[in-house]
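Below, each chain spelled out in residue letters.
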Amino acid sequence: MPTVQTPTAAEPDRLHQLLEEAFASPRLRPAPERRSQLEIALRAEIRRLIPLVQAQADRINRGTRAWYSRDRTLADARDELTQGLSPSSLAACLRLTALACMVRTLDEFAGGES
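Since we're looking at a predicted model, the values are computed, not measured.

(A) The arrangement of the side chain of Glu 80 in detail. Structurally, Glu 80 is set in helix α3 (residues 65–82). The class for Glu 80 is buried, based on a relative accessible area of 13%. A polar side-chain atom of Glu 80 sits 2.3 Å from a polar atom in the side chain of Arg 95.

(B) How the structure looks around the environment of Thr 105. Structurally, Thr 105 can be placed in helix α4 (residues 89–109). Along the backbone, Thr 105 and Ala 77 are 28 residues apart, and their C-alpha atoms lie at a distance of 9.4 Å.

(C) Looking closely at helix α2 (residues 32–59). Helix length check: α2 (28 residues) gives 41 Å between terminal C-alpha atoms against 40 Å at 1.5 Å per residue, within 8%. In the structure, α2 departs most strongly from a straight axis at Leu 49, where the bend amounts to approximately 25° and where the proline Pro 51 lies between one and four residues downstream.

(D) Up close: the environment of Leu 81. Looking at the secondary structure, you find Leu 81 in helix α3. When the C-alpha positions of Leu 81 and Arg 47 are compared, they lie 8.6 Å apart, and in sequence the two are 34 residues distant. In this structure, Leu 81 is in contact with Arg 43, Ile 46, Arg 47 and Ile 50, ignoring residues within four places of it in sequence.

Conventions and cut-offs
- Residues numbered from 1 in each chain as written.
- Predicted model: local features only at pLDDT ≥ 70, side-chain atom pairs only at ≥ 80, totals over all residues.
- Heavy atoms only, no water.
- Helix = DSSP H or I, 4+ residues; strand = E, 2+ residues; numbered from the N terminus.
- Buried < 20%, exposed > 50% of the residue type's maximum accessible area, 1.4 Å probe, protein only.
- Polar contact = N/O pair within 3.5 Å; in protein donor to acceptor, adjacent residues only side chain to side chain.
- Expected span 1.5 Å × (residues − 1).
- Bend = angle between axes of the 7 residues up to and from the residue.
- Contact = heavy atoms within 4.5 Å.

Pasting the structure below:
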């Protein structure tokens, strides 16, 4: 079983691999232990990216599209962190894809991969 390390800004390949695996999870249905590892890594990445995007939002004029899109994404990211994985394989995998979507969006705002 491969281990998941939390990607950093200097490790875009790991981030890419993490997102690929999370997006493929509904098709591949990884074992519960692997789903848990993916969830932990995705949540850690969200927690790493939130302050970066928050700092951007703080520098942007309130009420602009750029500010609103970041503000909405930050609220959604915090909401995603409150939800856990379901014991159902498919539901858990769909949650992983939602977390992966959030990571990708935050990463794009933070200047990462497109």
